[in-house]
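Secondary and tertiary structure notes
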Amino acid sequence: MSVDWSERYRTGETPWEKGEPHPELSFLLSGHRGLMTEARSVLVPGCGFGHDAHLISSVTRGEVLGLDLAEEAIDEAGSRYSGEGLAWTTGDLFQWEGTYDLVFEHTCFCAIPVARRPDYVSTMARLIPAGGHLLGIFFLNPDHEGEEGPPFGVTLDELKGFFGGTFEMIWSQPPSKTFEGRKGDGRELSILWRRVPERMEKR
Ligand SMILES: C[S@@+](CC[C@H](N)C(=O)[O-])C[C@H]1O[C@@H](n2cnc3c(N)ncnc32)[C@H](O)[C@@H]1O
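Report follows, based on the coordinates. Sequence positions are assigned chain by chain, starting from 1 and proceeding in written order. Confidence filtering applies because this is a predicted model: local features only for residues at pLDDT of at least 70, side-chain atom pairs given and counted only at 80 or more, and all residues used for totals across whole chains, interfaces and linings.

We now examine the overall build of the chain. Helix and strand labels come from DSSP, where a helix needs a run of H or I of at least four residues and a strand needs a run of E of at least two; each type is numbered from the N terminus. Looking only at helices and strands, one finds seven helices and seven strands in the chain. For the chain, the succession of helices and strands along the chain, N to C, is α-α-α-β-α-β-α-β-β-α-β-α-β-β. Radius of gyration: over C-alpha atoms. The globule rule applied is 2.2 Å multiplied by the number of residues raised to the 0.38 power. The C-alpha atoms of the chain give a radius of gyration of 16 Å, which matches the 17 Å a tight globule of 203 residues would have. Taking the principal axes of the C-alpha coordinates as reference, the chain spans close to 45 × 40 × 35 Å. Counting only contacts in the chain whose residues sit at least 6 apart along the sequence, the fraction spanning at least 24 positions is 70%. Here, residues touch in the contact sense if the C-beta positions derived from the backbone fall within 7 Å of one another.

This is the structure:
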């Protein structure tokens with residue numbers, strides 16, 4: 001069953017919305033200063049109310065774009081956060097055009113239908129040129145047994161299967177901090193992927 005994200009925002013059925021950036025994000029940003037200073041363009045897909053995108057824009061000199069399918073989310077992000085180099089737009093990630101040195105993923109991959117995961121990877125491969133990065137906090141295990149997603153869980157091996165070949169995994173680590181309701185071993189994983197040159201892609 002597909003989710004009407006706008007309806008979820010209109011009715012306030014937004015359990016992912018925590019009112020702040022992911023607690024691990026400051027740590028990731030300080031651990032990857034070089035990536036942040038070098039990035040000229042950053043995309044945050046499925047940005048929701050924009051907390052992560054706003055924090056990223058405070059540490060990078062590049063342009064940061066928060067993108068979300070739901071106009072309601074983008075309106076709220078725009079009313080909360082503004083600043084030089086920070087922009088918001090409503091749009092479908094799968095249709096999005098552009099070139100980004102860095103994409104930050106947090107609860108977007110787990111929100112899209114499982115059948116569209118290969119499209120997510122090919123979209124990232126299209127938006128990120130060789131040498132560019134995808135930094136993500138992946139929600140592996142939403143721990144909602146019996147209930148249907150989203151969020152839809154994924155294993156590390158599945159992630160390697162989807163991204164491997166077009167992206168190489170540079171680094172992965174369980175977050176040292178997270179939201180109260182997401183604590184527990186193996187529930188989330190921070191991963192830095194680098195886009196490999198097309199000629200070196202393994203299919
Ligand atoms: C679980 S929410 C997470 C929001 C935000 N990342 C956060 O953690 O607060 C997933 C978000 O992805 C957006 N979304 C779902 N499918 C999308 C698509 N195809 N393109 C862009 N955004 C999408 C939804 O509207 C929603 O805001």
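For each residue, a C-beta atom is positioned from the backbone; the residue is called near a molecule or strand if that atom sits within 6 Å of it. Near the ligand you find 20 residues, and of these Trp5, Gly46, Gly48, Leu93 and Ala111 are the closest. In the shell around the ligand, the residues fall into 13 nonpolar, four polar and three charged. Under the scheme applied here, ten amino acids are nonpolar (Ala, Val, Leu, Ile, Met, Phe, Trp, Tyr, Cys and Pro), four are charged (Asp, Glu, Lys and Arg), and all others, including Gly, are polar.

A word on unusual backbone geometry. Omega for the bond connecting Pro150 with Pro151 falls within 30 degrees of zero, at 0°, which places this linkage in the cis form. Along the chain, Pro151 falls in the loop between β5 (133–139) and α7 (156–163). Notably, Thr107 is not glycine yet its phi reads approximately 55°, a positive angle.

Below, the discussion takes up helix α5 (residues 71–80). Exposure criterion: with C-beta atoms placed from backbone coordinates, a residue whose C-beta has 20 or more other C-beta atoms within 10 Å is buried, one with 12 or fewer is exposed, and one in between is partly exposed. Along α5, the residues classified as buried are Ala73, Ile74 and Ala77. Viewed along the axis of α5, the buried residues span an arc of 95°, placing them on a single side of the element. As for α5, its buried residues are in contact with α1 (5–11), β2 (63–68) and β3 (86–90). As used here, the arc belongs to the directions running from the helix axis to the C-beta atoms.

Residues of helix α6 (residues 117–127) that are buried: Val121, Met124, Ala125 and Leu127. Elements in contact with the buried residues of α6: β1 (41–45), β4 (102–106), β5, α7 and β7 (188–195).

In terms of nonpolar packing, the biggest core is built from 51 residues, with Val42, Leu43, Val44, Ile56, Leu102 and Val103 touching the most fellow members. In terms of residue count, β5 provides more of this core than any other element does, five residues in total. With residues up to four places along the chain from it excluded, the contact list for Val103 reads Leu43, Pro45, Met124, Leu127, Ile128 and Leu134. Any set of buried Ala, Val, Leu, Ile, Met, Phe, Trp, Tyr and Cys residues joined through C-beta atoms within 7 Å is what this text calls a nonpolar core.

Right, let's talk about the environment of Glu71 for a bit. Here Glu71 shows up in helix α5. For Glu71, a count of 14 C-beta atoms within 10 Å translates into the label partly exposed. Separated by 64 residues in sequence, Glu71 and Leu135 have C-alpha atoms that sit 25 Å apart. Setting aside chain neighbours within four positions, we find Glu71 in contact with Ser6 and Thr90.

Let us look at the pairing of β7. β7 sits mainly inside the fold: six of its eight residues count as buried. If DSSP finds at least two bridges between two strands, the strands pair. Pairing geometry for β5 and β7, over seven bridges, is antiparallel. Directly across from Gly136, in β7, lies its bridge partner Ile191. By the bridge criterion, six bridges tie strand β6 (residues 167–173) to β7 in an arrangement that is antiparallel. Across the sheet, the residue bridging to Glu168 is Arg194, located in β7.

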